[in-house]
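Coordinate inspection notes
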Amino acid sequence: MSRIFASAITAAVLGGLIALTACTGGKITSPYTIETGGNAARGAQLINQFRCGACHLIPGIHDARGMVGPPLIYFGRRTFIGGEVPNTPDNLVHWIRSPQSIEPGTAMPALGLTDQQARDVAAYLYTLR
Ligand code: HEC
């Protein structure tokens, strides 16, 4: 009896999810589902390579314990980048490539990442949430 009840609930929940997926065209968007066009695993390697960790505490990156810039803990939940612009994928890529063009005088240097490298790094940062 309760088993039938449980499977009815499961069916109802699944049905709801399928309907939700259909409504959003297969993409369930939330503030935490963020498309950067990058690859997070490659981003983690690049964060090592470019030594972002010399200045930032970055969860999941070996030896990334710098205290020059803000810790990037929960970066995917951050509303603003550098307190300047909304935390969108394009703004983040722009920030990573050229922080000075968003915030003149910031202590964060442009490190010479390509657009694709910045997208990969951004993809990793958005996993921090
Ligand atoms: C020489 C030190 C330095 C290096 C290296 C550096 N940053 Fe930064 N970063 C900073 C500083 C300082 C800030 C704060 C900028 C501000 O708000 O003026 C910052 C800010 C940021 C922010 C915005 C944080 C927030 O809370 O809004 C992100 C994201 C970021 N850096 C990512 C990176 C990435 C990715 C790399 C490597 C590609 C990197 N940084 C390398 C110093 C550095």
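Residues numbered from 1 in each chain as written. Predicted model: local features only at pLDDT ≥ 70, side-chain atom pairs only at ≥ 80, totals over all residues. Heavy atoms only, no water.

**Some points on the pattern of salt bridges**
A pair can form between side chains of opposite charge whenever their charged atoms are brought close. Applicable threshold: By salt bridge we mean one thing: a side-chain nitrogen of Lys or Arg within 4 Å of a carboxyl oxygen of Asp or Glu. Each helix is a run of H or I in the DSSP string that is no shorter than four residues. Each strand is a run of E no shorter than two, and both are numbered from the N terminus.
Summed over the entire model, instances satisfying the criterion amount to four salt bridges. The salt bridge partner of D90 is R119, with a shortest N-O separation of 3.7 Å. Of this pair, D90 sits in helix α3 (residues 89-97) while R119 sits in helix α5 (residues 115-125), and the two are 29 residues apart along the sequence. Via salt bridges that share partners, D90, D115 and R119 belong to a single interconnected network.

**Digging into the coordination of the iron atom of the ligand**
Under the convention used in this document: Donor atoms: N, O and S within 2.8 Å of the metal, or within 3.2 Å for Na, K and Ca. Because water is excluded, sites can look incomplete. Key to geometry: four donors with every angle between 85 and 135 degrees are tetrahedral; four donors are square planar and six octahedral where opposite donors lie over 155 degrees apart and all remaining angles lie between 65 and 115; all other sites are irregular.
Every protein donor of the iron atom of the ligand is accounted for by H56 (NE2) and M108 (SD), and the metal-donor separations fall at 2.0 to 2.1 Å. Considering all six donor atoms around the iron atom of the ligand, angles at the metal cover 85 to 179 degrees and the coordination shape is octahedral. Here H56 is found in the loop between α2 (40-49) and β1 (80-81), whereas its partner M108 is found in the loop between α4 (99-102) and α5, with 52 residues between them in sequence.

**Examining α2**
In an α-helix, one full turn covers 3.6 residues, which means residues spaced three or four apart are oriented alike. Threshold: A simple rule labels every residue: compare its accessible area, found with a 1.4 Å probe on the protein chains alone, to the largest value its type can have, and call it buried under 20%, exposed over 50%, or partly exposed in between. The reported arc concerns the directions from the helix axis to the C-beta atoms and nothing else. Any two residues whose heavy atoms approach within 4.5 Å at even a single point are treated as in contact. Each polar contact in these results corresponds to two N or O atoms within 3.5 Å; when the atoms are within protein, one needs to be able to donate a hydrogen and the other to accept it, and residues that are neighboring in sequence are counted only if both atoms are side-chain atoms.
Here α2 has its buried residues at G43, A44, L46 and I47. Axial view of α2: buried residues confined to an arc of 165 degrees, hence all on one face. Exposed positions of α2 whose direction lies more than 90 degrees from the buried face are A41, Q45 and Q49. Buried residues along α2 sit in contact with α5. Residue N39 occupies the N-cap position of α2, its side-chain oxygen lying 2.9 Å from the main-chain nitrogen of A41. Of the residues trailing α2, R51 is marked for its positive phi of about 55 degrees.

**A look at α5**
Burial of α5 is extensive: nine of the eleven residues sit out of reach of the surface. For α5, the secondary structure elements touched by its buried residues are α2 and α3.

**Some words on the packing of α2 against α5**
Each pair of packed helices can be summarised by the angle the axes make with each other and by the distance between the axes. Where we set the bar: What counts as an axis is a line fitted to C-alpha atoms, over the stretch in contact for a helix, and the angles between N-to-C directions run from 0 to 180 degrees. Small angles under 35 degrees read as roughly parallel and large ones over 145 as roughly antiparallel, with 65 to 115 read as roughly perpendicular and the rest as oblique. Asp, Glu, Lys and Arg are counted as charged, while Ala, Val, Leu, Ile, Met, Phe, Trp, Tyr, Cys and Pro are counted as nonpolar; the rest, among them Gly, fall into the polar class.
Interhelical geometry of α2 versus α5 gives an angle of 105 degrees and a closest axis separation of 7 Å. One way to sum up the angle between α2 and α5 is to call them roughly perpendicular. Residues A40, R42, G43, A44, L46 and I47 of α2 touch α5, and the partners they reach there are Q116, Q117, D120, V121, A123, Y124 and L125. For the contact of α2 with α5, the residue count by class is eight nonpolar, three polar and two charged.

**Things to note about the site of the ligand**
Condition: Summary of the distance rule: residues count as near a molecule or strand when at least one heavy atom falls within 4 Å of that molecule or strand.
Taken together, 23 residues form the shell around the ligand, and within it C52, C55, H56, R78 and M108 come nearest. W95 is positioned with one of its side-chain polar atoms (N or O) 3.5 Å from a nitrogen atom of the ligand. One of the side-chain N or O atoms of T106 is found 3.0 Å from an oxygen atom in the ligand. Split by residue class, the shell around the ligand holds 17 nonpolar, four polar and two charged.

**Looking at the nonpolar core**
Stated formally: We call a set of buried residues a nonpolar core when its members are Ala, Val, Leu, Ile, Met, Phe, Trp, Tyr or Cys and they connect through side-chain atoms within 4.5 Å of each other.
I47, I58, L92, I96, Y124 and L125 are the most contacted members of the largest nonpolar core, which totals 25 residues. Elements supplying a minimum of two residues to this core: α2, α3 and α5. Sort the elements by how many residues they give to this core and α5 lands first, with five residues.

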